[in-house]
2 protein chains.
Amino acid sequence: MTDTEAFVRSIQRPTLLVNESICRNNIERMSALAQRSGITFRPHFKTHQSASIGTWFRENGVFSITVSSLTMARYFAGHHWKDITVAFPVNLREINEINTLAEKIQLNLLADHPVVIKTLAGQLKHETGIFIEVDTGSHRTGVNWENTDMIDALLETIGKSGILRFRGFLSHTGNIYSASSKNEIIRLHRTATDRMNFLKERYLGSFPDLILSLGDTPSFSLTDTVRNIDEMRPGNFVFYDLMQQQLGACSYEDIAVAVACPVVASYPERNELVVYGGAIHFSKEHLIQEKQKIYGLAVRFTENKWVPLEPAAPLTALSQEHGILHMDNRQIAAFQPGDLIYILPVHSCLTANLMGKYLTTTGKELDHMNGSYEPFHL
Amino acid sequence: MTDTEAFVRSIQRPTLLVNESICRNNIERMSALAQRSGITFRPHFKTHQSASIGTWFRENGVFSITVSSLTMARYFAGHHWKDITVAFPVNLREINEINTLAEKIQLNLLADHPVVIKTLAGQLKHETGIFIEVDTGSHRTGVNWENTDMIDALLETIGKSGILRFRGFLSHTGNIYSASSKNEIIRLHRTATDRMNFLKERYLGSFPDLILSLGDTPSFSLTDTVRNIDEMRPGNFVFYDLMQQQLGACSYEDIAVAVACPVVASYPERNELVVYGGAIHFSKEHLIQEKQKIYGLAVRFTENKWVPLEPAAPLTALSQEHGILHMDNRQIAAFQPGDLIYILPVHSCLTANLMGKYLTTTGKELDHMNGSYEPFHL
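Residues numbered from 1 in each chain as written. Chains lettered and ligands numbered in written order. Predicted model: local features only at pLDDT ≥ 70, side-chain atom pairs only at ≥ 80, totals over all residues.

Student: Help me understand the overall build of chain A, please; the structure alone is not making it clear to me.
Tutor: Looking only at helices and strands, chain A has 13 helices and 21 strands in total. Against the globule reference of 21 Å for 378 residues, chain A gives a C-alpha radius of gyration of 22 Å, in line with a compact fold. Seen through its principal axes, chain A has C-alpha atoms that stretch 70 × 45 × 35 Å. Counting over 378 residues, chain A shows a buried share of 53%. By sequence separation, contacts in chain A at least 24 residues apart represent 64% of the contacts at least 6 residues apart. (Helix = DSSP H or I, 4+ residues; strand = E, 2+ residues; numbered from the N terminus. Rg over C-alpha atoms; globule rule 2.2 N^0.38 Å. Buried ≥ 20, exposed ≤ 12 C-beta atoms within 10 Å, placed from the backbone. Contact = placed C-beta atoms within 7 Å.)

Student: For this particular structure, what's the right way to read the interface of chain B and chain A?
Tutor: Quoted interface sizes are often the accessible area lost when the parts come together. Facing 43 residues of chain B, the contacting portion of chain A comprises 43 residues. Here the side of chain B that touches chain A is built from residues that sort into 18 nonpolar, 15 polar and 10 charged. (Nonpolar A, V, L, I, M, F, W, Y, C, P; charged D, E, K, R; others polar.)

Student: Can you walk me through the environment of arginine 165 of chain B in this structure?
Tutor: Residue and element names in this part refer to chain B. Tracing the backbone through its elements, the reader meets arginine 165 in strand β8 (residues 164–172). Judged by the 14 C-beta atoms lying within 10 Å of it, arginine 165 falls in the partly exposed class. As for arginine 165 and asparagine 108, which are separated by 57 residues in sequence, their C-alpha atoms are 8.9 Å apart. Those residues in contact with arginine 165 that sit more than four places away from it in its chain are Glu127, Thr128, Gly129 and Ile130.

Student: Hey, could you run me through the packing of helix α2 (residues 20–37) of chain A against helix α3 (residues 51–58) of chain A in this one?
Tutor: The axes of two packed helices give the description: the angle between them and the distance between them. All names here are of chain A. One can describe the packing of α2 onto α3 by two numbers: an axis separation of 9 Å at closest approach and a directional angle of 45 degrees. One finds that α2 runs oblique with respect to α3. For the element pair α2 and α3, the recorded crossing hand is right-handed. Two secondary-structure elements touch here, α2 through Cys23, Arg24 and Ile27 and α3 through Ile53, Trp56 and Phe57. Along the lines of polarity and charge, the residues of the contact of α2 with α3 split into five nonpolar, no polar and one charged. (Axes fitted to C-alpha atoms, helices over the stretch in contact; angles between N-to-C directions. Parallel < 35°, antiparallel > 145°, perpendicular 65-115°, else oblique. Left-handed = near helix turned anticlockwise from the far one by under 90°.)

Student: How do you make sense of the relation of the copies chain B and chain A when you look at a structure like this?
Tutor: The second copy of the chain is related to the first by a rotation about an axis and a shift along the axis. Relative to chain A, chain B is turned by 180 degrees and slid 0.0 Å along the rotation axis, the superposed coordinates differing by an RMSD of 0.0 Å. Both chain copies can therefore be described as sitting about a two-fold axis. (Least-squares fit on C-alpha atoms with pLDDT ≥ 70 in both.)

Student: What's the story with the domain arrangement of chain A in this structure? I'm lost.
Tutor: Residue and element names in this part refer to chain A. Per the domain assignment, the segments of chain A are domain 1 (3–16 + 256–370) and domain 2 (20–239). Put simply, the middle of domain 1 and the middle of domain 2, counted by C-alpha atoms, are 33 Å apart. Contact with domain 1, which involves 15 residues of that partner, is made by 17 residues of domain 2. Going through the elements one at a time, α13 (348–355), β20 (357–360) and β21 (365–367) are the ones with two or more residues in the side of domain 1 that touches domain 2. A total of four residues in the side of domain 1 that touches domain 2 trace back to one element, the largest contributor, which is α13. Residues belonging to the side of domain 1 that touches domain 2 are distributed by class as follows: seven nonpolar, six polar and two charged. (Domains from an automatic or database assignment.)

Here's what the structure looks like:
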């Protein structure tokens, strides 16, 4: 019996498995892209939220990271990360936390609102980096890239503050997730970098050190060289998932996580296998495939990769703890209650956030911030 | 400054608030319904997953409960609950956990599969109650109510086991959640009770103590007296939510929870206010209202209830940490970054599961199983 076989036998409940070699390959590939392109790699850690997986990045020469909350910044600061950008609009109610962190590490914040910059200027106690968030087309947050009046005003307040250090312009290209082809992803990425470079040209004279920082996984997964930006912040690539596969950003072989779910019931009369694994494990994020909502996809577990069942067995419904797989009857006959089945998640960030810890496919435990019961020490 | 005002000022991050008086009223109303109907009230605790809120049930004379996992059973057993039904198909991989619990408390399990019953018969060490789950129309799990051949076979194995004690027939009327009117809910509930009574008549001679146990919140919220069943297992009513409100099972005034979210950005040019409060706080459960997906609804916080903003300000998009409220420009002008806004969740079970703890509107902390860092002691 291999280590993996012995470990699999011990699984009792829905368990988030990480294939370490796929995950490390994903990290190496993205690190190499940044290095080859001569730009800074500041990966977004909101996907894995794991100090253990963070060390795999450090082994690839990564020392600057992105997170999406101050809580996450505190967690990683407590695990020896000293250069952290919080890529989420500043929450002024956490000003004390900001001051605590900014004293210990190089903290970079994100703002697009005059009230936020003014309040920070008045209440910060330690020098803090600040990015102006720019909306290059995703329309979630950020100053519209053409609104240079607003950018001028924000830069003036930053300049006068004496405590905020302007780092540059940051954008999240979330609109790429609505793209319907690889070409469209590449086109949207170019549009975003062009818009950011319009700002760089305009402001570089006054701020010769300003950088352009851009984030999203699909566009960096589809290019051999990154041009015209200074820093890249992809996150999801560490695991990938079905959403990225559907976008064309990865293949099934690149997906590093799957949820091992105990089979609890089967209904061949309606082509359904029921597993212990529901909305509190996968999240209710879904994709539309062939006009049907899907929440996951059943795979076989091989030594080196997950292989989708043939014909495809999608997770078509979720209750709080129940997952319902639509499955061919011959496949159903191969499973008994008590067996395990492996399911790829639609959105690995949300699944990892719910599961709160990982096991590698050889049974090694990896932490996740949500499962860390000890307070974070700085 | 009232206690509530002082407490609200201290909120830094997305916080799940419970209005204790609304919640206690919901519990009292449902307890009174069971008492008036002369049936057992075995509330489902998967919604709140809270030992603290559990005590409010105990004050209403509730001593038997329902949960949806063995983990939850262990948690509540560790908080002095001695009679617990796990209303989820038995997961045979947890047989050791089942034996540990069955030694300490009155544990009732749920099965519909011959392999499960046979395996339990062979591996249980202590007498355990068993319900046969019946599918009365929801087609999630359970033996079809007409499949008496299967029920006969299951009962025979149960009878021979010497360790499984047959408790009766249990059904979850999940199909009620697809109903389009109150009348349809009542009609589906009647159909389910009729189908269960067909089984009761057939098997009562052999099992004079068998009970009929039925669960769901909407049908018990819309009736003055429950007829023709022996036990009711509603769960969501403890908090209610927008999904229940849309079904007609409650009014906004009955909703006991809201998420307090810091405002972080505003875009009046596209009628959007952005809050710290995303998919990892609300879950991605949505409703369709006026052809639009909604993930929550902004409310005002008054002493005794939440009142929806006028015009309605729905949460129309969620990222991992961002929530986007669609909002009238005059309303947007009333909020600055750093203010708090209150948002009713679409599905309170999933929101509570993600948040992992509660604060009452006067600042008292209430536990949730997911935030319990100590191991559960039995």
